[in-house]
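Here's the letter readout for the chains.
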Amino acid sequence: MDRLPNLDPLRFLLASLVLFFHIPQLSRNQGLPYFLDAPIFNRGTEAVYMFFVLSGFLIIRLIYRYKQRDDFSIRKFYIRRILRIFPLYYLIIIFGFTFYWLILPALNIPFENNYNLGEGVLLTTFFLPNIFGRLYEPGGILEVLWSIGIEEQFYILIAPLLFFIRKHRILLALSVLTLAYFIVFHLDIFEALQRFQFVYFFLFSGGIVAILEEKHKLEFLKISAGIPILIIIATSLYFFTDLFRFNELWMRNVTTTLLFGLFVHTLAHNNFGKVLNHNFLNHLGHISYGIYMFHVIALNFVVFFMLKIQELKIFNATITIFLIYILTFALTILLAHISYKYFETYFLKLKTKFR
């Protein structure tokens, strides 16, 4: 399967936005200086939503293409997803519980674990970290796993669904499913869907865009260079301003779904080619899964270090904020790079056997 341009750097950008979202939160909670005034520092959840759209776009595109050749294997699909997701996911689970139940008490750092350890392990092991995180707020290292849980739940659902649907009806079935689920999600009687962030419609919508492109139904978006420019401008305004921050949740989600789908399509199929093509950016995109998974660990270490430094009263608030960002970013990249090169790559190489 061909690799679409510009999407690896996009992964890195989105992971960075999540990092920028969490830094001021933990800094504030620990009494360190922080900056939260600009909208871009409050768009971490939205960055994850774009991750979902991108994931749905790529995964459903992949399945759809195999279906057109009558060559889709559920077994191989799940094995490849397991090899990509599981090793790092379970590594973070093990470290997270060890950190909050053993390391912090050993360092005499107060942290309340208000849940049964067995229940926490059970929920995270069997792909329900979004429920675990919302019920107990078990700490950032474990709470960020909520989005991985949504992805895993999506994989469990989408593969058999598309396997049994006839290939010429996939777009219709996916469109009906997305619309129906979107309506149900926003009904008050299904408040639990919102509470536990079962936002599958973002993933479904990405798949719809991918299939429309495969069917050459989105050529009108490519007739002028101005169209992708407008989409990029609108997406930038979404993240850097409050222009699209509607009060009604359904309206905000409609806007987010449509805009993010157009943006992912624009980057992958724009008029300008590989505008973000750079080896370093592509590598950062390759390790973006690790950036997302390790950034809270790095942030905890940096905040602990800066709390000790702050006692010496060496730096003012501005320098302290810059140092927290620089050190967290650098340590996160280092951990993600090491993980990718010496841990994840071993499993990624095995994926080639199941193409």
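For the structure, check the block above.
Note that the coordinates shown come from a computational prediction; the quantities given were computed from them, not determined experimentally. (Residues numbered from 1 in each chain as written. Predicted model: local features only at pLDDT ≥ 70, side-chain atom pairs only at ≥ 80, totals over all residues. Heavy atoms only, no water.)

Student: Describe the environment of G31, with residues and values.
Tutor: With respect to the helices, strands and loops of the structure, G31 is situated in the loop between α1 (7-29) and α2 (44-68). On a C-alpha basis, the gap between G31 and V303 in space is 9.9 Å, while along the polypeptide they are 272 residues apart. (Helix = DSSP H or I, 4+ residues; strand = E, 2+ residues; numbered from the N terminus.)

Student: Outline the side chain of S288, supporting the account with residue identities and numerical values.
Tutor: Within the element layout of this structure, S288 appears in helix α14 (residues 288-310). Owing to a relative accessible area of 4%, S288 belongs among the buried residues under this scheme. At 2.7 Å, the side chain of S288 forms a polar contact with the backbone oxygen of G285. Other than its neighbours up to four places away in sequence, S288 contacts R11, F12 and A15. (Buried < 20%, exposed > 50% of the residue type's maximum accessible area, 1.4 Å probe, protein only. Polar contact = N/O pair within 3.5 Å; in protein donor to acceptor, adjacent residues only side chain to side chain. Contact = heavy atoms within 4.5 Å.)

Student: Please give an account of a nonpolar patch on the surface that cites residues and values.
Tutor: On the surface, L179, I183, L187, I189 and F190 cluster together into a nonpolar patch covering about 500 Å² of accessible area. What makes I183 partly exposed here is its relative accessible area of 47%. (Patch = residues over 30% accessible without salt bridge, like charges linked within 9 Å, V, L, I, M, F, W, Y side chains within 5 Å. Areas by Shrake-Rupley, 256 points an atom, 1.4 Å probe, with all protein chains shown as cover. Salt bridge = Lys/Arg side-chain N within 4 Å of Asp/Glu carboxyl O.)

Student: Tell me about the packing of α14 against helix α15 (residues 317-351), and please be specific about residues and values.
Tutor: Following both chains from N to C, one finds α14 and α15 inclined at 135°, their axes separated by 7 Å at the closest point. Considering their axes alone, α14 and α15 lie oblique with respect to each other. Helix-helix and strand crossings are classified by hand; for α14 and α15 the assignment is right-handed. Across the interface between the two elements, Y289, G290, I291, F294, H295, A298, L299, F301, V302, F305 and M306 from α14 touch T320, L323, I324, L327, T328, L331, T332, I333, L335, A336, S339 and E344 from α15. Broken down by class, the residue content of the contact of α14 with α15 amounts to 16 nonpolar, six polar and one charged. (Axes fitted to C-alpha atoms, helices over the stretch in contact; angles between N-to-C directions. Parallel < 35°, antiparallel > 145°, perpendicular 65-115°, else oblique. Left-handed = near helix turned anticlockwise from the far one by under 90°. Nonpolar A, V, L, I, M, F, W, Y, C, P; charged D, E, K, R; others polar.)

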